[in-house]
Amino acid sequence: MAADNFEGFQQQEESIDIKALFFKFVRYWYLFVLTVFVALVVAFLFNKYTSPVFEVNTTVLVKDDKGGALSAASMLGGLGLSNTQQNVENEIGILNSFSLTYRAIRELDFEISYFLDEGLINTEMYPSAPFEVIMDTSVAQAVGLKFNIKFLNSSEFSIEADGELIRKYNFSSAKYEGSELEKVKWEDTYRFGELVENDYGTFKVILTDEFDSEKDFDASYYFVFKDYYGLTKSFMGFEIEPINREASILNIKLKKNNTKKAVN
């Protein structure tokens, strides 16, 4: 009988505590609503103003010296790495090497990156920029410097550059030239196709077929020269691994903001 009374008292005490706790929470209901609202706003802004990252992938068949595919038996044979398995590891090392990525970068048109400036987020316009920069590769260009472009009309544009600790890079020799520029502050107006020539580079700006007079006059764009070394470092980081332990087929993955550049 005493045990029954104790259990009933305990249940009543727990019930009272839960009710008291519930009413304490209810008193501050507006804080919960505010927290949920702030969380939703942060999630919305994060999704809207964060550049998405895409993953592209491909597969490569590794062959032996005689031109045949590596057999599973030969890859799994022995206690250590077999010769053919070493070939697979060597191929992975080559594909991940700086020199191979550097050679690929030199074959592509990544020296100039074009962006749409939307304030909190910048979208790379590859390969659909409304203008194209044609540089003089024999003259050193200011790499890493942001050149802002504003279309004034279908014939003229304004350009300005603002930066610090800027280096100049010669794309023909693939070398840096001159001393570092501590401060860059420059602006001017040019006609499309006119030669822009100063201490920060030598190039022309022309319109492309992507130019749309209805929207591009109100938009802000910029472009940046990028040296081969920096480009190579930014495009390294492939994930390379066999599709399974018994295969001589490698799966190659690369994550980038611009899928078309990553595919190329």
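Small disclaimer: the values here were computed from a predicted structure and weren't measured.

Take the side chain of threonine 232 next. Mapped onto the fold, threonine 232 is located in helix H7 (residues 228-235). Engagement of the side chain of threonine 232 in a polar contact is seen with the backbone oxygen of tyrosine 228, the distance being 2.7 Å. In this structure, threonine 232 is in contact with Phe98, Thr101, Tyr102 and Ile105, ignoring residues within four places of it in sequence.

All right, on to the nonpolar core then. Counting residues in each nonpolar core, the largest one holds 42 residues, and the members touching the most others are Phe147, Phe203, Phe223 and Phe225. With five residues, the single largest contributor to this core is strand E7 (residues 156-170). Not counting chain neighbours up to four residues away, the residues in contact with phenylalanine 223 comprise Ile112, Ser113, Tyr114, Phe131, Val133, Leu145, Lys146, Phe147, Ile149, Ile159 and Phe203. Within the second largest apolar cluster, six residues are counted, among which are Val62, Val88, Ile92 and Ile240.

Counted by the stated rule, this structure contains five salt bridges. Glutamate 124 is the salt-bridge partner of lysine 261, the closest N and O atoms lying 2.5 Å from each other. With lysine 261 in helix H8 (residues 259-263) and glutamate 124 in strand E3 (residues 122-124), this pair connects stretches of sequence that are 137 residues apart. Relative accessible area serves as the criterion here: at 5%, lysine 261 is assigned to the buried category. Accessibility expressed as a relative area gives 22% for glutamate 124, which makes it partly exposed. Here lysine 185 ties to aspartate 162 by a salt bridge, and the two come within 3.4 Å at their closest N and O atoms. You can see lysine 185 sitting in strand E8 (residues 175-191) and its partner aspartate 162 sitting in strand E7, a full 23 residues away along the chain. Connected via shared salt-bridge partners are Asp162, Glu164, Lys183 and Lys185.

Let us now look at unusual backbone geometry. In this chain, tyrosine 126 is followed by proline 127 through a cis amide linkage whose omega measures 0°. In this structure, proline 127 sits in the loop between E3 and strand E4 (131-135). Located in the positive-phi region is leucine 165, a residue other than glycine, with phi close to 50°. Turning to its location among the elements, leucine 165 is positioned in strand E7.

The next thing to look at is the packing of helix H5 (residues 98-107) against H7. Two numbers describe how H5 lies on H7: the axes approach to 9 Å, and their chain directions differ by 115°. Seen along the crossing, H5 lies across H7 with a hand that is right-handed. Contacts between H5 and H7 involve Phe98, Thr101, Tyr102, Ile105 and Arg106 from the first element and Tyr228, Tyr229, Leu231, Thr232, Lys233 and Phe235 from the second. Of the residues assigned to the contact of H5 with H7, the class counts are seven nonpolar, two polar and two charged.

Detailed reading of the predicted coordinates is not advisable wherever pLDDT falls low. On average, residues of the chain score 85 in pLDDT, and 84% of them reach the 70 mark or higher. Contacts of residues 70-79 to residues separated by more than four positions or lying in other chains number 20 contacts, the stretch itself having pLDDT below 50.

Conventions used here
Residues numbered from 1 in each chain as written. Predicted model: local features only at pLDDT ≥ 70, side-chain atom pairs only at ≥ 80, totals over all residues. Heavy atoms only, no water. Helix = DSSP H or I, 4+ residues; strand = E, 2+ residues; numbered from the N terminus. Polar contact = N/O pair within 3.5 Å; in protein donor to acceptor, adjacent residues only side chain to side chain. Contact = heavy atoms within 4.5 Å. Core = buried A, V, L, I, M, F, W, Y, C linked by side-chain atoms within 4.5 Å. Buried < 20%, exposed > 50% of the residue type's maximum accessible area, 1.4 Å probe, protein only. Salt bridge = Lys/Arg side-chain N within 4 Å of Asp/Glu carboxyl O. Axes fitted to C-alpha atoms, helices over the stretch in contact; angles between N-to-C directions. Left-handed = near helix turned anticlockwise from the far one by under 90°. Nonpolar A, V, L, I, M, F, W, Y, C, P; charged D, E, K, R; others polar. pLDDT = per-residue confidence, 0-100.

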